[in-house]
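Coordinates in review
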Amino acid sequence: MITLQIILFSVFAIIAVVTSILVVTRKNPIISALFLVLNFAALAGIYLLLNAQFIAVVQVIVYAGAIMVLFLFVIMLLRPEHEKNFFEENPKMKWLALIVGVVVFFQLIYTIFFGKLSSSIHQNAEKSVEIGTIESIGRGLFTTYLIPFEAAGFLLLAAAIGALVLAKKHFD
Amino acid sequence: MNEIFMITPLLIISGGILLSLIVEMFYKKSEIILPWLSIAIFISAAYYSLLTAYREGVVFNSMLAVGGLVHIFYFIFNFGAAIVVLLSIDHIKKVGIYFGEFYILMQSAVLGMMFLSGAKDLVMVFIGLEQMSVCFYILTGFNRKRSSSNEAALKYFLLGAFASGFVVYGMALIYGAVGSLSIPSVSFYLINQSPSIIFIVGLLLFIIGFSFKIAAVPFHMWVPDVYQGAPTTVTAFMSTGGKAAAFSALLVVLVPVFSNLAKNNFIPLLSVLAVITMLYGSIVAIAQIDLKRMLAYSSIAHAGYMIIGLAAGNQNGVTGIVFYLAAYTFMNLGAFGVISMVEAKDNSHVDLQSYTGLAAKYPLLAAMLTIFMFALAGIPPFAGFFGKYFVFISAIEANLTWLAIIGVISSAISAYFYLRVVVVMYFKSTDSPIDVEPSYYALLGIFISALLVLVMGLFPNSIIQLISFFVG
């Protein structure tokens with residue numbers, strides 16, 4: 001039985017796998033970084049299918065948005081394409097990377113196929129889905145955490161004013 | 001609806017920030033009216049805080065505490081900030097950072113301090129800490145043309161972000177152990193069971209993070225460079241309001257935690273922190289020629305004295321810290337006020353040499369600086385003496401007499417470099433004493449600080465009674 005969920009999952013999963021392979025194989029680091037953005041977006045889609053709305057949104061805003069912009073800035077400022085390939089300079093690191101990759105891979109294989117699920121995992125999963133919805137987060141923000149929420153607004157305002165002051169072009 | 005009126009001081013400041021932004025946007029010469037608007041906002045918030053201090057309570061789902069000690073802190077921050085504005089009016093024009101945003105950022109910093117001292121939940125502690133710190137990073141680097149100012153801002157930002165990381169990590173571990181971030185539930189957790197190792201590590205990380213903010217040794221590395229590089233009135237603000245706010249947050253979190261710990265394992269830790277902080281600050285300050293740097297090390301030493309009160313952890317300790325913070329705020333503001341006035345356009349004339357023979361040419365200014373130096377050294381009848389006195393008494397009550405003795409030794413050492421400034425001003429003469437641009441606003445601010453230092457030194461009992469009324 002093929003449901004929409006399975007189709008969507010296959011699409012997102014294929015995108016995620018293909019892009020993550022492309023991230024490590026591309027020579028140009030900027031192209032790698034752009035594929036990483038795509039990878040994050042695909043992962044966000046998978047989170048959404050798992051009903052983890054908040055994590056999906058945060059994945060897009062924080063990882064695919066803010067952190068990748070930072071990545072790109074650093075790459076463009078440092079201009080690593082003029083430098084030698086990292087692995088050519090440190091050949092031993094290639095083996096280290098390989099070992100870490102293999103260990104993580106088999107760990108995941110083990111937990112997915114051979115690990116024992118704890119008996120309460122279904123209850124906990126339901127609970128965590130409840131917490132992760134937009135409704136419950138919105139309710140929390142506007143009731144219990146109203147004051148911290150408003151205070152965070154003033155924090156961002158101060159940061160914005162500061163950035164403008166420090167970046168002003170003319171200093172008369 | 002009633003809850004909204006309980007936090008009126010906070011509303012005044014936050015409304016003030018928005019109003020100042022609008023003024024800044026539409027009025028070309030906002031630099032001229034913004035200082036007065038800021039003073040009005042700060043004074044009304046300070047006045048209202050004192051007026052409603054008797055109305056104690058916890059509001060907004062136990063996020064914020066109002067009334068009592070919290071409002072005493074509100075008063076210290078706001079009144080101190082008003083004095084800083086007075087000191088800044090002419091100073092920022094002189095050093096070429098004449099922008100309206102300066103005052104808006106100051107208001108934001110005060111708002112952050114108020115969140116810190118009023119917090120009843122670790123989330124509020126974190127947001128207040130960040131709000132205050134972000135404003136300070138920017139104010140430190142406000143003078144973009146000076147490389148030392150830029151360097152100081154970057155250093156402060158990187159180390160400050162690092163310290164915030166420690167604080168957040170500590171909070172996360174505390175949440176893991178307790179299951180809640182609200183401070184009452186943390187103390188409730190401690191009543192029922194002995195703290196788990198996760199909780200202890202979390203609290204340790206929290207203390208380490210805040211040690212950065214209060215400039216305790218060995219987390220003090222940033223202080224001399226940042227205090228020296230920042231515009232002088234910003235340094236005044238940072239070393240008084242910033243320190244008072246960080247201490248108030250430590251009191252808010254640690255006092256309920258310590259009072260519910262069956263066996264307080266943190267006393268030796270805090271005692272050691274206090275000893276090395278006092279001695280390091282006092283001894284290294286002797287070697288300083290630059291007055292701003294000297295006061296930076298002196299501020300490290302003063303943090304050490306206040307940690308004594310924290311280690312004692314009793315009611316007198318808390319009262320002593322609050323009195324000490326108030327006294328320290330006004331004497332340090334005054335001292336930095338005089339320095340900011342003597343400082344020249346190009347940020348020179350902050351070294352000891354420049355003060356040679358100042359008393360002959362500007363007797364009033366020299367007399368003011370003498371009052372503040374005596375007060376900082378802890379010589380009666382000025383406020384500094386009673387601050388130290390109350391803190392040391394609390395240590396003796398808590399069977400930490402050795403800590404009080406080391407405190408007395410350290411303040412005897414520190415008297416040397418404070419009095420050296422007085423000696424240079426009065427007993428050395430020079431053919432070419434420096435010129436000081438008079439600033440009547442700054443002079444008014446210095447006068448008010450001197451008056452408060454004197455009043456707090458002459459009538460310490462009534463102020464202590466007021467504070468202990470709210471502590472108890």
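Residues numbered from 1 in each chain as written. Chains lettered and ligands numbered in written order. Predicted model: local features only at pLDDT ≥ 70, side-chain atom pairs only at ≥ 80, totals over all residues. Heavy atoms only, no water.

The next point concerns the pattern of salt bridges. Residues and elements named next belong to chain B. If you walk through the whole model with that rule in mind, you get five salt bridges over all chains. Residue Arg-293 is joined to Asp-225 by a salt bridge in which the shortest nitrogen-to-oxygen separation is 3.1 Å. With Arg-293 in helix α13 (residues 291-312) and Asp-225 in helix α10 (residues 222-229), this pair connects stretches of sequence that are 68 residues apart. Notably, a salt bridge pairs Lys-361 with Asp-435, separated by 2.5 Å at the nearest N-O pair. With Lys-361 in helix α15 (residues 358-361) and Asp-435 in the loop between α18 (401-427) and α19 (440-458), this residue pair connects regions lying 74 residues apart in the sequence. (Salt bridge = Lys/Arg side-chain N within 4 Å of Asp/Glu carboxyl O. Helix = DSSP H or I, 4+ residues; strand = E, 2+ residues; numbered from the N terminus.)

Most often, soluble globular proteins have nonpolar side chains that are buried together. With 196 residues, the main nonpolar core has B:Val125, B:Phe199 and B:Phe210 as its most contacted residues. Tallying contributions element by element places helix α14 (residues 315-342) of chain B first for this core, with 18 residues. Discounting residues that sit within four places of it in the chain, B:Phe199 has contacts with B:Ile174, B:Ala177, B:Val178, B:Val186, B:Tyr189, B:Leu190 and B:Val257. Ranked by size, the runner-up nonpolar core spans eight residues in total, among them A:Val23, A:Ala33, A:Met68 and A:Ile75. (Core = buried A, V, L, I, M, F, W, Y, C linked by side-chain atoms within 4.5 Å. Buried < 20%, exposed > 50% of the residue type's maximum accessible area, 1.4 Å probe, protein only. Contact = heavy atoms within 4.5 Å.)

As a further point, take the domain arrangement of chain A. Taken domain by domain, chain A holds domain 1 (1-84), domain 2 (89-124) and domain 3 (133-172). Computed over C-alpha atoms only, the centres of domain 1 of chain A and domain 3 of chain A are separated by 27 Å. (Domains from an automatic or database assignment.)

Count 3.6 residues to each turn of an α-helix, and residues three or four apart come out pointing the same way. Residues and elements named next belong to chain A. The end-to-end C-alpha distance of helix α3 (residues 53-78) is 36 Å, a good match for the 38 Å that 26 residues give at a rise of 1.5 Å each. A bend of about 30° at Met-68 is the largest found in α3. For α3, the set of buried residues is Ala-56, Gln-59, Ala-64, Met-68, Leu-72 and Ile-75. Residues of α3 that are buried in the fold lie against α2 (29-49). Of the residues trailing α3, Arg-79 is marked for its positive phi of about 50°. (Expected span 1.5 Å × (residues − 1). Bend = angle between axes of the 7 residues up to and from the residue.)

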